[in-house]
Amino acid sequence: RTVELLGAFMVLCSTEGYNQQSWYTHNRNSPDFHQKNCFVPISEIIAVEETEFNKKQRNIGRWQKMAKLHAFTVHYVKKARNHRWRCSAATFWCVDEHLCNQWTQALKELLEMQKSRPKQLLVYINPFGGKRQGKRIYEQKVAPLFSLASISTDVVVTEHANHAKDNLFEVNIYKYDGVVCVGGDGMFSEVMHGLIGRMQKDSGIDQNNPKASLVQCNIRIGIIPAGSTDCICYSTVGISDPVTSALHIIVGDCQPLDVSSVHHNDTFLKYSVSLLGYGFYGDILKDSEKKRWMGPMRYDYSGFKTFLSHHYYEGTIAYQPAKHTHGSPRDKVSCRTGCYICKQSEKQLAEQNKEHGLKKEEGEEEWKVIKGKFLAINAVNMSCACPRSPKGLSPAAHLADGSADLILVRKCSRFDFLRYLVRHTNQDDQFDFPFVDVYRVKCFQFTSKLSEDNESNVMDVGKKRFGQFCRDHPACCCNIVNSTWNCDGETLDSSAIEVRVHCQLMKLFARGIEEDCKDEAGHSQSSIEQLL
Ligand SMILES: Nc1ncnc2c1ncn2[C@@H]1O[C@H](COP(=O)(O)OP(=O)(O)OP(=O)(O)O)[C@@H](O)[C@H]1O
Ligand SMILES: CCCCCCCCCCCCC/C=C/[C@@H](O)[C@H](CO)NC(=O)CCCCC
Ligand SMILES: [Ca+2]
């Protein structure tokens, strides 16, 4: 019946940007049917509108003589290469007004039934993130799409750091279906801290207790990338592109995300979803903060400088392996949309929530301890893929499996460290070095040698006399001063930390990275023939 009804229509298909338009009849038997037609699941329709014909369109072929034409336009998601989404449109027209209304009505009803779609959003824009384009990106690329999809918004352009976070403790967040942040990873982090913090406050949970069972945050966060690294957006969508992200928000996607809590001596410091990095990435960040005026380039500058300085840091790591999850960091099983490993963790989480047994178990499990000199200690909750490194720091890390990958890069030569870094940009295995170890963990603790010494009150006069460098090996680049922890792009004040992964603590408007299944002609094989 669907095909019959549509047979009565002519279709005007316009491609991305509404530039090239072509007219054709909807006839399945015509030879070019499969080239010109696309199959769009209802879940990927953005909006349906009644359409007025303009003069230009009316002057076409035999339809010119008709008294009145009736039409509706379907705006839908068009999947392009490299996970990029675009808004495309097809206008259906015919002479039968009743038929046209029936179709418009039916499609609108189907859209109404998409319950996961947001209707009201709270938007925070950081006008100073990345290349300072946040406001323009939102106004020109995102707001028109939200309006097309009939999403109403309350927009706050931030005036200072922590504006968004503080605001989230004051507003009635429960009237929104989601919070959108326009900016980079730092802006996302602010919004996440605001939302998770607010949820704990409203539920009477003390964030300073490292063992507290945190309350999940069901208000989804959407990220419109406008920052310098945009690692969280890239790792959860597959591309850093504002229009693609806006469309994932509109269709109401949902991607749960693991969040790590970071504590020092029973004091809450921060949450982390991407990178907790000590040594190399901590030093890059510390140096780059002084060069914010350089924009995203600051990371290249500080990265080069930090690489040359080649500092090692001595310390002790204790961790509990993540035995609950089925994957391992070197199994080459990437986390993709509908990930089986993350689904298994979700089931376990639901069972644990029923039994409240998690905490007892954790206390009983063994801790592994590693002492050493490290160039970098990186704990990642997700792959940390970004345009600089499309496969990321740990390519097989999972977004929502309740674990983090702990990567230890021990003291090695500059040349070896460079080989390690270069492997983040090609297909070779970056863990296949004798000086690199990687573990999948559910919690870990770190203490630097310096704080251990201070705690045991062994104050070495030599340290003071020789300043920053190691007394035993003055030429070895082994730093007596501590490095800084880089927590999702922000520095932590303490070097001794205690970290615990909270499985699926929050949710994003995303669906994880889709398996790319474009055929030669660019048609998506995974589209479901639901509508046309
Ligand atoms: N109006 C503002 N003025 C100054 N700082 C702000 C303002 N709004 C937000 N911030 C702060 O700016 C910091 C950086 O912002 P953001 O993450 O958007 O950009 P970025 O650092 O360039 O990108 P990335 O985090 O991806 O590297 C955030 O930590 C946020 O707290
Ligand atoms: C010879 C070429 C070698 C190139 C090697 C490239 C390796 C790049 C790996 C990039 C990993 C990014 C991890 C993401 C961290 C974010 O939470 C954080 C906030 O945005 N960004 C940085 O700390 C900024 C970190 C900046 C890294 C350069
Ligand atoms: Ca994870």
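From a predicted model like this one, the values you see are computed outputs, not experimental measurements.

Once that is clear, we can look at the pattern of salt bridges. Scanning the model with the defined rule gives 24 salt bridges in all. A salt bridge links Asp287 to Lys305, with the shortest nitrogen-to-oxygen separation between them at 2.9 Å. Of this pair, Asp287 sits in helix H10 (residues 280–289) while Lys305 sits in helix H11 (residues 298–309), and the two are 18 residues apart along the sequence. Given a relative accessible area of 9%, Asp287 falls into the buried group. With a relative accessible area of 38%, Lys305 lands in the partly exposed category. With a shortest N-O distance of 3.3 Å, Arg388 and Asp300 are connected by a salt bridge. In this pair, Arg388 sits in the loop between strand S14 (368–380) and strand S15 (404–410) while Asp300 sits in helix H11, placing the two residues 88 residues apart along the sequence.

Taken together, 22 residues surround ligand 1, and among them Thr158, Gly184, Gly186, Glu190 and Ser228 come closest. Between Thr158 and ligand 1, the recorded distance is 2.7 Å, taken from a side-chain N or O atom to a nitrogen atom. Between ligand 1 and the protein, one listed contact pairs an oxygen atom with a side-chain N or O atom of Arg298 at 3.2 Å. Taken by itself ligand 1 offers 640 Å² of open surface, and the protein chains cover 87% of this. When residues of the shell around ligand 1 are traced back to their parent elements, those giving at least two are helix H7 (185–202) and H11. At 4 residues, the largest contribution of residues to the shell around ligand 1 is made by H7. Taken together, the residues that form the shell around ligand 1 break down as 5 nonpolar, 11 polar and 6 charged.

Below, the discussion takes up the packing of H11 against helix H14 (residues 414–422). For any two helices packed against each other, one specifies the crossing angle of their axes together with the interaxial distance. Packing of H11 against H14 brings their axes to within 10 Å, and their N-to-C directions diverge by 145 degrees. Packed against H11, whose contacting residues are Phe307, Leu308 and Ser309, the element H14 presents Arg414, Phe417, Leu418 and Leu421 at the interface. Grouping the constituent residues of the contact of H11 with H14 by class yields 5 nonpolar, 1 polar and 1 charged.

At a minimum axis separation of 8 Å, H10 and H11 run at an interaxial angle of 125 degrees. On the basis of the axis angle, H10 is oblique to H11. Crossing of H10 against H11: the hand is right-handed. Within the contact between the two elements, H10 uses Phe280, Asp283, Ile284, Leu285, Asp287 and Ser288 and H11 uses Arg298, Tyr299, Tyr301, Ser302, Gly303, Lys305, Thr306 and Phe307. Residue composition of the contact of H10 with H11, by class: 6 nonpolar, 4 polar and 4 charged.

Our next topic: the coordination of the calcium ion (ligand 3). The coordination sphere of the calcium ion (ligand 3), as far as protein atoms go, consists of Asp258 (OD), Asn381 (O), His398 (O), Asp401 (OD) and Ser403 (O), spread over 2.2 to 2.7 Å. Here the donor residues of the calcium ion (ligand 3) are spaced in sequence according to D-x122-N-x16-H-x2-D-x1-S. For the pair shown, His398 and Ser403 are each scored as buried.

All chains considered together, the criterion is met by 16 aromatic pairs. Each ring, one from Phe72 and one from Phe92, has its centre 5.0 Å from the other, and the planes form 15 degrees; the classification is stacked. One end of the pair, Phe72, is in strand S4 (residues 70–79); the other, Phe92, is in strand S5 (residues 85–94), and 20 residues separate them in sequence. A residue is classified by how much of its surface remains accessible, and Phe72, at 1% relative accessible area, is buried. A relative accessible area of 3% places Phe92 in the buried class.

Turning our eyes to something else, we now look at the site of ligand 2. Taken together, 16 residues form the shell around ligand 2, and within it Asp185, Thr229, Ser274, Asn486 and Gly489 come nearest. Within the contact set of ligand 2, an oxygen atom lies 3.2 Å away from a side-chain nitrogen or oxygen of Thr229. Between an oxygen atom of ligand 2 and a side-chain N or O atom of Ser274, the distance comes to 3.0 Å. Notes on ligand 2: free accessible area 700 Å², of which the protein chains cover 83%. The residue inventory of the shell around ligand 2, partitioned by class, reads 8 nonpolar, 5 polar and 3 charged.

Right, let's get into helix H4 (residues 97–112). The terminal C-alpha atoms of H4, which comprises 16 residues, lie 22 Å apart, in line with the 22 Å expected from a rise of 1.5 Å per residue. Listing the buried residues of H4 in full gives Leu99, Cys100, Trp103, Thr104, Leu107 and Leu111. Axial view of H4: buried residues confined to an arc of 135 degrees, hence all on one face. A distance of 3.0 Å separates the backbone nitrogen of His98 from a side-chain oxygen at the start of H4, and that oxygen is part of Asp96.

Across the 10 residues of S4, 9 count as buried, placing the element largely inside the fold. The sheet contact formed by S4 and S5 spans 10 bridges and is antiparallel. Counterpart to Phe72 in the pairing with S5 is Phe92. In sequence, S4 turns back onto S5 through a hairpin of 5 residues, with Asn82 there showing a positive phi of about 55 degrees.

By the bridge criterion, 5 bridges tie strand S10 (residues 255–264) to strand S11 (residues 267–272) in an arrangement that is antiparallel. Within S11, the position partnered with Ser260 by the bridge is Ser272. What sits between S10 and S11 in their antiparallel hairpin is a turn of 2 residues, with Asn265 showing a positive phi close to 45 degrees.

Partitioning the protein into domains gives domain 1 (2–112) and domain 2 (120–356 + 363–508). For the pairing of domain 1 and domain 2, the buried interface totals around 1100 Å² over both sides, and the portion due to carbon and sulfur atoms is 71%. Among the residues domain 1 hides against domain 2, the three largest losses belong to Ile46, His83 and Trp85. Together they make up 49% of the total. Applying the counting rule to domain 1 against domain 2 returns 2 salt bridges.

Turning our eyes to something else, we now look at unusual backbone geometry. Even without a glycine there, the phi angle at His83 is positive, about 70 degrees. Residue placement: His83 occurs in the loop between S4 and S5.

What counts, and where the lines are drawn
- Residues numbered from 1 in each chain as written.
- Chains lettered and ligands numbered in written order.
- Predicted model: local features only at pLDDT ≥ 70, side-chain atom pairs only at ≥ 80, totals over all residues.
- Heavy atoms only, no water.
- Salt bridge = Lys/Arg side-chain N within 4 Å of Asp/Glu carboxyl O.
- Helix = DSSP H or I, 4+ residues; strand = E, 2+ residues; numbered from the N terminus.
- Buried < 20%, exposed > 50% of the residue type's maximum accessible area, 1.4 Å probe, protein only.
- Near = heavy atom within 4 Å.
- Polar contact = N/O pair within 3.5 Å; in protein donor to acceptor, adjacent residues only side chain to side chain.
- Areas by Shrake-Rupley, 256 points an atom, 1.4 Å probe, with all protein chains shown as cover.
- Nonpolar A, V, L, I, M, F, W, Y, C, P; charged D, E, K, R; others polar.
- Axes fitted to C-alpha atoms, helices over the stretch in contact; angles between N-to-C directions.
- Contact = heavy atoms within 4.5 Å.
- Parallel < 35°, antiparallel > 145°, perpendicular 65-115°, else oblique.
- Left-handed = near helix turned anticlockwise from the far one by under 90°.
- Donors = N, O, S within 2.8 Å, 3.2 Å for Na, K, Ca; no water.
- Phe/Tyr/Trp six-rings, centres within 6.5 Å; stacked < 30°, edge-to-face > 60°.
- Expected span 1.5 Å × (residues − 1).
- Arc of directions from axis to C-beta.
- Pairing = 2+ DSSP bridges.
- Domains from an automatic or database assignment.
- Buried area = accessible area lost by both parts, 1.4 Å probe.

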